[in-house]
Amino acid sequence: MNFNVTYFLSVFPQILPYLPVTLFIAIVSILFAIVFGLAIALLRNHKIIIIDATFALFISLFRGIPSVVLLFIIYYGLPQIFPILKQMGATTAAIICFSLKYSAYLAEIFRAGLASVDHGQKEAGLTSGLSIYQVYRGIILPQALVNALPNTGNMFISLLKDSSVAFFVGVQELLAAGKMLTANSFLYFETYLAVGIVYWLTVVIYSWIQKKLENKLSKPYHR
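Remember, predicted model here, so these are calculated numbers, not experimental data.

Things to note about the pattern of salt bridges
Move 1: Evaluated as defined, the whole model comprises 3 salt bridges.
Move 2: Of the charged contacts in the structure, one is a salt bridge between aspartate 52 and arginine 44, with a shortest N-O distance of 2.7 Å.
Move 3: Residue glutamate 108 is joined to arginine 44 by a salt bridge in which the shortest nitrogen-to-oxygen separation is 3.0 Å. With glutamate 108 in helix 5 (residues 90–115) and arginine 44 in helix 2 (residues 19–44), the pair connects residues that are 64 residues apart, well separated along the chain.

Here it is as structure tokens:
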């Protein structure tokens, strides 16, 4: 096999400067997705038929559309309907795309997290004189979010990898960097192997951080 080791090693310093762009898209998108997803889960938790049906449709829609198709709809399609969006940048479009798509997944994760908290704790809190806001803030949400943390972390890992589709609308991230290098070298295996390793190492580091966070947050509930 003709594997160019020298070129392979030279790829890393050329693509690593693009890693912050990938991380920026993933982190900002997951933060928005967490806020939207949690809001949806809380609203659906009240079991109002119209609200529940509306968000059920939202979840089905955004979970069912592939990321690249959704990105094209947002970046190329929406400006045709709303001309004001013609100034929207590719990075902004990518963040909107991933925020919407992953909020649909997280809404279900958070809803399961809320359901995992014993309903008796809510009743006990209300009986003791706490408001519904205080019950959720101090009793239900802390436990629900800890229970939802592993799956939320998995969603971030998926989003991190999914962010590579931003390349299709011109965002200069890791995959785009690899594509530019192959245009000059034609050494596809070495280049994309290096890109894959950077993604893999990023996921490994994040998984380690997440595990530490899970252990720290779950301690109060395992005494």
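Next comes the rest of the description.
Digging into the layout of surface pockets
Move 1: Its boundaries defined by the atoms lining it, the largest pocket holds a volume of some 280 Å³.
Move 2: Around the largest pocket sit 13 residues that line it, and Ile34, Leu149, Thr152, Tyr206 and Leu213 are the ones nearest its centre.
Move 3: Looking at the lining of the largest pocket, the elements that each hand over two or more residues are helix 2, helix 7 (132–162) and helix 9 (188–218).
Move 4: Taken together, the residues of the lining of the largest pocket sort by class into 10 nonpolar, 3 polar and no charged.
Move 5: Its volume calculated, the second largest pocket comes out at about 190 Å³.
Move 6: Lining of the second largest pocket is provided by Asn45, Lys47, Leu114, Ala115, Val117, Asp118, His119, Lys122, Tyr136 and Ile140.
Move 7: Broken down by secondary-structure element, the contributors of at least two residues to the lining of the second largest pocket are helix 5, helix 6 (119–127) and helix 7.
Move 8: When the residues that make up the lining of the second largest pocket are grouped by side-chain class, the tally is 5 nonpolar, 2 polar and 3 charged.

Describing the environment of alanine 56
Move 1: Positionally, alanine 56 belongs in helix 3 (residues 49–64).
Move 2: For alanine 56, a relative accessible area of 30% puts it in the partly exposed group.
Move 3: Distance in space between the C-alpha atoms of alanine 56 and glutamate 108 is 9.6 Å, their sequence separation being 52 residues.

Topic: the confidence of the model for the protein
Move 1: Taken residue by residue, the protein gives an average pLDDT of 90. The fraction at 70 or more is 97%.
Move 2: Across the protein, the secondary-structure element scoring lowest on mean pLDDT is helix 6, at 81, and the one scoring highest is helix 2, at 95.

Describing the packing of aromatic side chains
To describe a pair of aromatic rings, one takes the distance between the centres and the angle between the planes.
Move 1: One pass over the full model with this rule turns up 10 aromatic pairs.
Move 2: Both rings, one in phenylalanine 3 and one in phenylalanine 189, keep their centres 5.7 Å apart while their planes meet at 80 degrees; by these two values the pair is edge-to-face. A residue pair is termed long-range when its members are at least 10 positions apart, and phenylalanine 3 in the segment before helix 1 (5–15) and phenylalanine 189 in helix 9 qualify at 186 residues.
Move 3: Accessibility expressed as a relative area gives 22% for phenylalanine 3, which makes it partly exposed.
Move 4: Taken together, the ring pairs in this structure connect Phe3, Phe8, Phe12 and Phe189 into an aromatic cluster.

Rules and cut-offs
- Residues numbered from 1 in each chain as written.
- Predicted model: local features only at pLDDT ≥ 70, side-chain atom pairs only at ≥ 80, totals over all residues.
- Heavy atoms only, no water.
- Salt bridge = Lys/Arg side-chain N within 4 Å of Asp/Glu carboxyl O.
- Helix = DSSP H or I, 4+ residues; strand = E, 2+ residues; numbered from the N terminus.
- 1 Å grid on protein atoms, 1.4 Å probe; cavity = no way out; pocket = protein on both sides within 12 Å on 5 of 7 lines; lining within 4 Å.
- Points joined across faces, edges and corners; volume = space filled by probe spheres on them.
- Nonpolar A, V, L, I, M, F, W, Y, C, P; charged D, E, K, R; others polar.
- Buried < 20%, exposed > 50% of the residue type's maximum accessible area, 1.4 Å probe, protein only.
- pLDDT = per-residue confidence, 0-100.
- Phe/Tyr/Trp six-rings, centres within 6.5 Å; stacked < 30°, edge-to-face > 60°.

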